[in-house]
Every structure is written in structure tokens, then in C-alpha cells.
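Coordinates in review
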Amino acid sequence: MIRLPLRIAGFLVIAAGFVALVIDGTRSIAGQRLIATDVSNVWRAVHAASLSQLEAWLRAAAPAWVWDPVVLTLIALPAAAVGLVLGALMMWLGRSRTPQIGVVGRR
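I will try to describe carefully the structure that is included in this document.

Parameters and conventions
Residues numbered from 1 in each chain as written. Predicted model: local features only at pLDDT ≥ 70, side-chain atom pairs only at ≥ 80, totals over all residues. Heavy atoms only, no water. Helix = DSSP H or I, 4+ residues; strand = E, 2+ residues; numbered from the N terminus. Rg over C-alpha atoms; globule rule 2.2 N^0.38 Å. Buried < 20%, exposed > 50% of the residue type's maximum accessible area, 1.4 Å probe, protein only. Contact = heavy atoms within 4.5 Å. Lys, Arg positive; Asp, Glu negative; His and termini not counted. Charge placed at Lys NZ, Arg CZ, Asp CG, Glu CD. 1 Å grid on protein atoms, 1.4 Å probe; cavity = no way out; pocket = protein on both sides within 12 Å on 5 of 7 lines; lining within 4 Å. Points joined across faces, edges and corners; volume = space filled by probe spheres on them. Nonpolar A, V, L, I, M, F, W, Y, C, P; charged D, E, K, R; others polar. Axes fitted to C-alpha atoms, helices over the stretch in contact; angles between N-to-C directions. Parallel < 35°, antiparallel > 145°, perpendicular 65-115°, else oblique. Left-handed = near helix turned anticlockwise from the far one by under 90°. Polar contact = N/O pair within 3.5 Å; in protein donor to acceptor, adjacent residues only side chain to side chain. Expected span 1.5 Å × (residues − 1).

**Topic: the overall build of the protein chain**
When helices and strands are tallied, the protein chain shows four helices and zero strands. The order of α-helices and β-strands along the protein chain, N terminus first, is α-α-α-α. A compact globule built from 107 residues would reach a C-alpha radius of gyration of about 13 Å, whereas the protein chain, at 19 Å, exceeds it by more than 25%. With the C-alpha coordinates aligned to their principal axes, the bounding extent of the protein chain is approximately 60 × 40 × 20 Å. Among the 107 residues that make up the protein chain, the fraction classed as buried is 21%. Here the analysis covers contacts within the protein chain between residues at least 6 apart in sequence; of these, 72% occur between residues at least 24 apart. In the protein chain, 10 positive and 4 negative side-chain charges are present, and the distance between their average locations comes to 22 Å.

Okay, structure coming up:
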């Protein structure tokens with residue numbers, strides 16, 4: 001029941017990752033150097049207030065090491081790579097079951 005929405009969301013995230021890859025590629029060609037957009041830049045462009053709210057909440061509710069090395073490392077990754085990997089993971093989790101030959105199913 002959750003497979004179809006997971007696969008659709010995975011497909012949309014892969015498409016967004018590919019769009020980010022094309023945008024970064026175009027900017028890299030125009031700038032004549034490698035340019036990769038971070039997840040934090042995309043997050044700030046979409047909804048900047050939620051990033052600051054997440055930081056305030058994590059600093060208050062979680063240990064100090066959660067925000068500084070963990071979350072800051074994750075949001076510093078290239079948005080295209082994160083989108084492609086996250087979308088592929090969602091597609092993999094939403095895949096159809098393979099039929100098991102020789103195993104008796106429900107009766």
C-alpha cells in the first residue's frame with residue numbers, strides 16, 4: 001500500500017536531483033570551474049526559516065554533537081548527489097516483491 005507513493009516520491013526526488021545536476025553543470029561550464037550547490041543553499045532558497053528552526057530545536061533537544069558535525073556535514077553535501085541517492089533509496093524501498101518460487105503463500 002505504501003509502495004506506490006514511495007516509488008512516485010522517489011521518482012520525483014530523482015528528477016529534482018537530475019535538475020540540480022543540470023543546473024550545476026551549466027553553472028560550472030559558464031564559470032569555467034566546478035560548482036556544486038549545497039543542500040543548505042537549496043534549503044535556504046525554498047524555506048529559510050525552517051532551517052533556523054531546525055537548528056534551534058536540535059541545539060535545545062539533542063546533544064551538541066548532533067548539529068555541529070552530523071547535520072552540518074549532511075547539509076554541506078551537493079544537492080544533486082543527495083537527490084539522486086535519496087531518490088534511488090526510496091525507489092529501492094518501494095520496489096515490488098520478487099515472487100518466491102516453491103514457497104506456499106497465503107491460503
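**Examining the layout of surface pockets**
Take a probe with the size of a water molecule and roll it over the atoms, and the empty space left behind shows itself. Quantified by volume, the largest pocket comes out at close to 400 Å³. Lining the largest pocket are 15 residues, and of these V39, V42, W43, A79 and V82 lie nearest its centre. Sorting elements by how many residues they give to the lining of the largest pocket places helix α1 (residues 3-31) first, with six residues. A breakdown of the residues in the lining of the largest pocket according to their chemical character gives 13 nonpolar, two polar and no charged.

**Notes on the packing of α1 against helix α4 (residues 79-93)**
Interaxial distance between α1 and α4 falls to 7 Å at its minimum, and their mutual angle equals 160°. Relative to α4, the element α1 lies roughly antiparallel. Our pair here, α1 against α4, has a crossing hand that is left-handed. Where α1 abuts α4, its residues L6, R7, A9, G10, F11, V13, I14, G17, F18, A20, L21 and D24 lie against A80, G83, L84, L86, G87, A88, M90, M91 and L93. A breakdown of the residues in the contact of α1 with α4 according to their chemical character gives 15 nonpolar, four polar and two charged.

**Some remarks on the environment of D24**
Relative to the assigned elements, D24 resides in helix α1. Note: C-alpha distance between D24 and A36 (twelve residues apart in sequence) is 5.6 Å. Beyond its immediate stretch of four places on either side in the chain, D24 contacts I35, A36, T37 and A80. There is a polar contact of 2.6 Å between the side chain of D24 and the side chain of T37.

**Examining α1**
With 29 residues, α1 extends 41 Å from end C-alpha to end C-alpha; this agrees with the ideal 42 Å at 1.5 Å per step. All of the buried residues along α1 are G10, G17, A20, D24 and S28. Packing partners of the buried residues in α1 comprise α4. Following α1 by one or two positions, Q32 adopts a phi angle in the positive range, close to 55°.

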